[in-house]
Amino acid sequence: MSRKKTPKTKGASAPAASALPAANGSRPTRPGTARPVPQARPNGPPQPGRPSLGGGDFYDVAFKVMLVGDSGVGKTCLLVRFKDGAFLAGTFISTVGIDFRNKVLDVDGMKVKLQIWDTAGQERFRSVTHAYYRDAHALLLLYDVTNKASFDNIQLAPQAWLTETQEYAQHDVVLMLLGNKVDSAQERAVKREDGEKLAKEYGLPFMETSAKTGLNVDLAFTAIAKQGKPGLLPVPRAAPQTIPCICAPRTRATCFQLTH
Ligand SMILES: Nc1nc2c(ncn2[C@@H]2O[C@H](COP(=O)(O)OP(=O)(O)OP(=O)(O)O)[C@@H](O)[C@H]2O)c(=O)[nH]1
Ligand SMILES: [Mg+2]
């Protein structure tokens with residue numbers, strides 16, 4: 001993926017719109033194209049001729065997920081961990097603008113293509129990011145458990161991430177709150193209970209993750225894929241009243257789903 005990452009410099013200006021991937025995932029045309037209707041397939045076995053990512057990666061339905069949160073909370077690292085199973089150690093270089101990566105998951109027998117948009121958390125790129133919210137089916141709101149300000153900015157700052165979501169995203173967008181860098185126990189500045197409390201207040205699923213160790217990363221993206229709109233995924237015969245938690249028992253302590 002041609003991730004646009006340049007060393008964090010004061011004056012880096014937002015990239016020209018034409019240099020950014022378009023909201024429908026083609027590169028690079030103008031952002032903000034009309035939100036494509038998710039390629040949902042009629043329930044039942046996928047038909048031949050499923051769309052493909054190229055390279056034989058067929059899928060039945062596509063789901064756009066956006067990672068948002070302050071600069072440095074670990075959005076890019078979370079995406080690289082999920083996509084490549086690797087951790088970007090070493091110097092921190094900020095994302096410039098926005099980019100995306102695709103990964104196909106098997107969810108209850110259905111191939112779900114997650115198109116994951118990695119946004120730049122720095123203030124100066126906010127206007128670029130706003131253009132992409134309305135195309136997102138799901139938003140992962142990230143904070144860094146070692147950075148209290150990044151947690152406060154989820155709901156308190158004038159341009160809080162939750163405010164931006166309400167202002168720019170679809171009203172039915174799927175949201176999840178993630179507290180990242182949980183491996184850095186020594187530097188923890190935000191208690192898990194505080195994350196749980198905030199999640200409960202807004203009725204959001206919540207997990208603590210680590211892009212470094214991989215804790216809960218696949219789980220978070222799989223949970224998002226499962227929470228996709230009922231029309232996107234086959235509705236189980238006896239549709240549960242609430243979405244059952246998919247956490248493995250060992251991680252239930254760190255997953256604040258509304259139901260377990
Ligand atoms: N210990 C630890 N460090 C992490 C983790 N995730 C990210 N980091 C480090 O935190 C720094 C920032 O990570 P990024 O993923 O680049 O942050 P970002 O949210 O993409 O930042 P912007 O692109 O500026 O919005 C890097 O130095 C990473 O190595 C994690 O789970 N644990
Ligand atoms: Mg980044």
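Higher on the page you've got the structure.
Bear in mind the structure is a predicted one, so any value in this text is a computation, not a measurement.

A. Quick look at the overall build of the protein. Tallying secondary structure elements over the protein gives 6 helices and 7 strands in all. Helices (α) and strands (β) of the protein occur, in sequence order from the N terminus, as β-α-β-β-α-β-α-α-β-α-β-α-β. Within the protein, buried positions represent 48% of all 260 residues. Across the protein, the fraction of contacts at a sequence separation of at least 24, relative to all contacts at a separation of at least 6, is 71%. For the protein, the computed accessible surface area is about 11900 Å², with 55% contributed by carbon and sulfur atoms.

B. A look at the layout of surface pockets. Volume-wise, the second largest pocket comes out at about 490 Å³. For the second largest pocket, the lining is made up of 26 residues, of which G72, G74, C77, L88 and F92 are closest to its centre. Looking at which element gives the most residues to the lining of the second largest pocket, the answer is helix α1 (residues 75-84), with 3 residues. Its residues placed into classes, the lining of the second largest pocket shows 9 nonpolar, 12 polar and 5 charged.

C. Geometry of the coordination of the magnesium ion (ligand 2). Around the magnesium ion (ligand 2), the protein contributes the donor atoms T76 (OG1) and T95 (OG1), at 2.0 to 2.1 Å from the metal centre. Note that T76 is positioned in helix α1 and T95 in the loop between α1 and β2 (98-107), a separation of 19 residues in sequence. Judged by its relative accessible area of 8%, T76 falls in the buried class.

D. Structural context of the site of ligand 1. The immediate surroundings of ligand 1 are formed by 25 residues, with S71, K75, S94, G121 and A211 found nearest. At a separation of 2.9 Å, an oxygen atom of ligand 1 approaches a polar backbone atom of G72. T95 is positioned such that a nitrogen or oxygen atom in its backbone is 2.8 Å from an oxygen atom of ligand 1. In the complex, 91% of the free accessible area of ligand 1, which totals 660 Å², lies under the protein chains.

Conventions used here
Residues numbered from 1 in each chain as written. Chains lettered and ligands numbered in written order. Predicted model: local features only at pLDDT ≥ 70, side-chain atom pairs only at ≥ 80, totals over all residues. Heavy atoms only, no water. Helix = DSSP H or I, 4+ residues; strand = E, 2+ residues; numbered from the N terminus. Buried < 20%, exposed > 50% of the residue type's maximum accessible area, 1.4 Å probe, protein only. Contact = heavy atoms within 4.5 Å. Areas by Shrake-Rupley, 256 points an atom, 1.4 Å probe, with all protein chains shown as cover. 1 Å grid on protein atoms, 1.4 Å probe; cavity = no way out; pocket = protein on both sides within 12 Å on 5 of 7 lines; lining within 4 Å. Points joined across faces, edges and corners; volume = space filled by probe spheres on them. Nonpolar A, V, L, I, M, F, W, Y, C, P; charged D, E, K, R; others polar. Donors = N, O, S within 2.8 Å, 3.2 Å for Na, K, Ca; no water. Near = heavy atom within 4 Å. Polar contact = N/O pair within 3.5 Å; in protein donor to acceptor, adjacent residues only side chain to side chain.

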